[in-house]
Amino acid sequence: MLRLQDYNTRVVVLGTTLLGLAAGVVGSFTLLRKRALMGDALSHAMLPGIGLAFMISVAAGGTGKSLPVLLTGATLSGLLGLGTVLAVRHFTRLKEDTALGIVLSVYFGAGVAVLGVVQRMGEGHSAGLESFIYGKAASLVAADTAVIAVASALVIGVSALLFKEFRLLCFDAGYAATQGWPVVRLDLVMMSLVVVVTVIGLQAVGLVLIIALLIIPAAAARFWTERLRTLTWIAAGMGAASCAIGAAASALLPNLPSGAMIVLVSTGLFLLSLLGVANAARFSAGNAGARSIARSAGNMCCAPCTSGVKRRRPAGPERRRSRCPRCPSRRSWLAVRGRPASSAGNLTAPRRTGCSSGVPIKPWR
Amino acid sequence: MLTLSPPPPAATPTRRPVLAPLGAEHSPEAALSIHDMTVAYHRKPVLWDVDLDVPPGSLVGIVGPNGAGKSTLIKAVLDLIPRVSGRVLVFGKPYRQQRHRVAYVPQRESVDWDFPVSALEVVAMGLYGRIGWFRPVTRRHREIALHALERVGIADLAHRQISQLSGGQQQRTFLARALVQEADLYLMDEPFAAVDAATEKAIVRLLQDLRAAGRTALVVHHDLQTVAEYFDRVVLLNLRVVASGLTETVFTRENLQKTYGGRLTLMTEAAEALARETPAP
Ligand SMILES: Nc1ncnc2c1ncn2[C@@H]1O[C@H](COP(=O)(O)OP(=O)(O)OP(=O)(O)O)[C@@H](O)[C@H]1O
Ligand SMILES: [Mg+2]
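In this report, the structure presented in the accompanying data block is examined. Nothing here was measured: the structure is a model prediction, and the numbers come from that model.

## Things to note about the overall build of chain B
Now for step 1: Scanning chain B from N- to C-terminus turns up eleven helices and ten strands.
Now for step 2: Taking all 281 residues of chain B together, 53% fall into the buried category.
Now for step 3: Long-range contacts, defined here as pairs at least 24 residues apart, represent 69% of the contacts in chain B between residues at least 6 apart.
Now for step 4: Total accessible area on chain B stands at roughly 12700 Å², and carbon and sulfur atoms take up 54% of it.

Structural data, given as structure tokens:
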């Protein structure tokens, strides 16, 4: 059993954290480009490549365990899968989701079959290939972490460099094309970043679950901000945090696969984000917009709900029972208590009953 | 002009003798000239044999029923859809060489308004071409963008996330994005769709300012009642150019009938519009 102080554990946690960082950044863009599921088809399509690379390398006299060889095989068949998606979409009348479904299942099925063949080639040989399916962070060694570090740095660097271009591409590709931006090539760069993240995530998270790392942190971050730059940062942070916690948990507790732990932690963060903003989202028209409505209105009555309601907390006996009309929890008002809500000097803002959204508020009871 | 013969199979570089509508000779100075353009989706042509000249400094309305190919016309000019045949020249040169002189205002539904950007950031996108690869948007660019938002009257909403803008404000944001490009030719796809009277007036004033500055605008427009009031020229479109030219000569009952066919409600509307226009000289 491993402990957090162990060198190995630290290598594992560091490697996966860097992976989460890169996945959060790239995931933000692919989510907004509405290409999130491309990553899923890509990763599933990698399985046959892993099996075939193993067979070829064994046939060539190797042990078949060489990671670069396996990952090369994975990359090639992943790209082939992506190419198939594009071809199906281009040459048939099928829609993209159908194409993705076909490619994902066919390639994964082929991969499982190939692994079955590999299994029959010899017992000891194939052991470990399954860890690419569900991920086994504990198998990361210092060299792997170094590769992940370099690849993550590359991914983040390219994203930072092309930040403006990616924003335009994700928001309005047609307009970008009229301005002479090479939309197809930018899309290719973005997909290449997804390929890189998927490849470095195969070991730790596995090809079935890597998509979670590309989608969930970015989706969770969307709840917290209305700015792409901030969203990217938050997604990166959440990805890194889920990976760190998930990998540490799986290293410390026996029999917890790292990929699953990482996904569960990131889902937890997603739910927290959802609930944290749920109050605002439930009542405001523009979903996550409540926060910035409140900000643009110049004040916030109750910080957690951020409904932007300008309202003075009543005095006297009403005070204890009173609630912010927009959020069901009384906690909301506690957060405002420090503000001069009851002082006469605050007439400019919280005096009015009404929310900047213009929705009338029922009288308090 | 109604050419009922099928379009030539391939682009013929020779200039056909055209029964040109009044005031529409091909001239090298045209802001936009389209020669025999045919456009198809999945090999099914939706625009036939479009032949069009737009003199600089004019406001041109593109009018036609739903599915007439108005958006397709604009997208084909912008190379967003490949042309089957034909040639498009912008100020005498192919579009590729004139990109910086053309600004596109897409239909509002073409983007996801939940996207995490502010109005100001959207407007700044009009400057990306000038900013160039890899360089970030600086304060100077944001000032230019803010100035454009001022021109369309929503500078106070600059930092709002775009989903919190009303439809009219979103439309103004798109217009501001086109304005910062400082283009000479503006292609606008239904900028008046679902905007209130105030926004409509603001947009019209903007168009007139552009014309006063010598700019050219092609505007897809649906409201037949205001066509004569807003535009110097019209293009009546229904899969082919039914007629094009100066509004007073081309925007006639007969041409509208050809354009809209048997659509009765629209015809009544058009008739009303014409009835109101005829007393004017
Ligand atoms: N992406 C597409 N694929 C296939 N056909 C298309 C596509 N876009 C448009 N069409 C077809 O091309 C024709 C012209 O469409 P277009 O969008 O240019 O019409 P429009 O004049 O702009 O109509 P509207 O007034 O509704 O905006 C229509 O018959 C439409 O069905
Ligand atoms: Mg249209």
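## Focus on the packing of helix 8 (residues 142-161) of chain A against helix 11 (residues 183-201) of chain A
All names here are of chain A.
Now for step 1: Where helix 8 contacts helix 11, the axes come no closer than 10 Å and their chain directions differ by 160°. As judged from the angle between their axes, helix 8 and helix 11 are roughly antiparallel. Helix-helix and strand crossings are classified by hand; for helix 8 and helix 11 the assignment is left-handed. Here Ile148, Ala151, Ser152, Val155, Val158 and Ser159 of helix 8 come into contact with helix 11, specifically with Val189, Leu193, Val196, Val197 and Ile200.

## Observations regarding the interface of chain B and chain A
Now for step 1: Contacts between the two partners involve 35 residues from chain B, matched on the other side by 30 residues from chain A.
Now for step 2: Of all residues in chain B, Phe115(B), Pro116(B) and Tyr128(B) bury the most surface against chain A, accounting for 24% of the area lost on that side.
Now for step 3: Taken together, the links from chain B to chain A amount to three salt bridges.
Now for step 4: With a closest N to O distance of 3.4 Å, Arg167(A) and Glu121(B) form a salt bridge.

## Some remarks on the site of ligand 1
All names here are of chain B.
Now for step 1: What surrounds ligand 1 is a group of 13 residues, the closest being Asn66, Gly67, Lys70, Ser71 and Thr72.
Now for step 2: At 2.9 Å from an oxygen atom of ligand 1 is found a main-chain nitrogen or oxygen belonging to Gly67.
Now for step 3: Backbone polar atom of Gly69 to an oxygen atom of ligand 1: 3.0 Å apart, as the coordinates give it.
Now for step 4: The protein chains hide 61% of the 630 Å² of surface that ligand 1 would expose on its own.
Now for step 5: Considering each element in turn, the shell around ligand 1 owes the most residues, three residues, to helix 1 (residues 70-77).
Now for step 6: Along the lines of polarity and charge, the residues of the shell around ligand 1 split into four nonpolar, seven polar and two charged.

Scoring rules and cut-offs
- Residues numbered from 1 in each chain as written.
- Chains lettered and ligands numbered in written order.
- Predicted model: local features only at pLDDT ≥ 70, side-chain atom pairs only at ≥ 80, totals over all residues.
- Heavy atoms only, no water.
- Helix = DSSP H or I, 4+ residues; strand = E, 2+ residues; numbered from the N terminus.
- Buried < 20%, exposed > 50% of the residue type's maximum accessible area, 1.4 Å probe, protein only.
- Contact = heavy atoms within 4.5 Å.
- Areas by Shrake-Rupley, 256 points an atom, 1.4 Å probe, with all protein chains shown as cover.
- Axes fitted to C-alpha atoms, helices over the stretch in contact; angles between N-to-C directions.
- Parallel < 35°, antiparallel > 145°, perpendicular 65-115°, else oblique.
- Left-handed = near helix turned anticlockwise from the far one by under 90°.
- Buried area = accessible area lost by both parts, 1.4 Å probe.
- Salt bridge = Lys/Arg side-chain N within 4 Å of Asp/Glu carboxyl O.
- Near = heavy atom within 4 Å.
- Polar contact = N/O pair within 3.5 Å; in protein donor to acceptor, adjacent residues only side chain to side chain.
- Nonpolar A, V, L, I, M, F, W, Y, C, P; charged D, E, K, R; others polar.

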